[in-house]
Amino acid sequence: MFEFQNRPNAPHLLETGERVQLPTIYGSFELLPFMEIATGKEHIALTKGPVENKKSVLLRIHSACATGDLFGSMRCDCGEQLHRALQAIEQEGRGVLIYLQQEGRGIGLMQKMKAYKLQEQGVDTVDANLQLGHQADERDYRAAAEILRQLNISQVKLLTNNPNKKSGLEKYGINVACCIPLLTEPNPHNAFYLQTKEKRMGHLLGQLNFENHE
Ligand SMILES: Nc1nc2c(ncn2[C@@H]2O[C@H](COP(=O)(O)OP(=O)(O)OP(=O)(O)O)[C@@H](O)[C@H]2O)c(=O)[nH]1
Ligand SMILES: [Zn+2]
């Protein structure tokens, strides 16, 4: 249920940093950094326009992917989703992108690379995690919900193909009015990966055409 309601004495989960202007190639945003007090993990909120106390704020919660976000890896769809999300927020004129440090669906870069190694031997992305002793997805959205709470946002339109992100946020008291798909064109390097997300992780990729990559 709503873990953030009625908790005047609850300890602060996050330290909030300085808000700065961030002009980007996608448009002008404001950047607000946060640090999880218990772990030192740093997260980022990019905001566009007036979002505080607004209903149905366009939101992207983006899970860190060094390979995709920084280097444009074609093994996944992360880099393109990140850029598309910023473009969508710019177009809307208002919205938030939360960049969460939960690399590798929460298992970290070292373990994700071990999972990649297994995938090079034919194991899919879910079984690779399981073989390494992890859950298929170890992410938690408490920090994201707390960031939204600090921005006085309680209802969002979520840019995602992953229904688990919706329930992961709702668990912490955020109202997800709707999910807006963030589809990217499959390529030969990520088609199997995307199909696995659809078949085994429930991602809604129904409109994608995998025919050229069977
Ligand atoms: N463990 C593991 N993590 C991966 C792999 N490929 C990408 N990731 C991580 O997966 C996270 C992104 O999650 P995805 O499942 O691609 O997508 P999502 O964020 O759940 O869903 P969308 O909101 O639709 O993008 C990032 O943290 C990536 O680092 C992989 O093969 N194994
Ligand atoms: Zn990725």
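A quick note: this is a predicted structure, and the numbers were derived from the prediction, not measured.

Right, let's talk about the overall build of the protein for a bit. For the protein, the count of helices and strands is seven helices and eight strands. On the principal axes, the C-alpha backbone points of the protein span a range of 50 × 35 × 30 Å. Relative to its 214 residues, the protein shows a buried fraction of 33%. Long-range pairs, those at least 24 residues apart, make up 60% of the contacts in the protein between residues at least 6 apart in sequence.

Attention shifts here to the UniProt feature "domain: GTP cyclohydrolase II" (unreviewed entry) in the protein. Here, the residues flagged by UniProt with the feature "domain: GTP cyclohydrolase II" (unreviewed entry) are residues 19–177. Across residues 19–177 one finds 36% helix and 27% strand; the C-alpha atoms that close the span lie 27 Å apart.

Sites flagged by UniProt as "binding site: GTP" (unreviewed entry) map to R60, I61, H62, S63, A64, Q81, E103, G104, R105, T125, T160 and K165. Look at the named residues: they lie 106 residues apart in sequence, and the longest C-alpha span between them is 22.6 Å, so in the fold they stay spread out. Checked against the element boundaries, H62 lands in strand β5 (residues 57–63). Those residues within four positions of H62 in sequence are excluded, and the remaining contacts are L82, A85, L97, I98, Y99 and L100. Residue class for R105 comes out buried when judged on the 21 C-beta atoms lying within 10 Å of it. When near neighbours in sequence (up to four residues on either side) are disregarded, R105 contacts S63, D137, E138 and R139.

A word on helix α5 (residues 142–150). Along α5, the residues classified as buried are A143, A144, A145, E146, I147 and L148. Considering only its buried residues, α5 is in contact with β1 (14–16), β3 (27–36), β4 (42–48), β5, β6 (95–100) and α6 (163–170). Trailing α5 by a residue or two, N152 shows a phi angle of about 60 degrees, which is positive.

Cut-offs used in this document
- Residues numbered from 1 in each chain as written.
- Chains lettered and ligands numbered in written order.
- Predicted model: local features only at pLDDT ≥ 70, side-chain atom pairs only at ≥ 80, totals over all residues.
- Helix = DSSP H or I, 4+ residues; strand = E, 2+ residues; numbered from the N terminus.
- Buried ≥ 20, exposed ≤ 12 C-beta atoms within 10 Å, placed from the backbone.
- Contact = placed C-beta atoms within 7 Å.
- UniProt positions renumbered as here; feature names shortened; annotations may be inferred.

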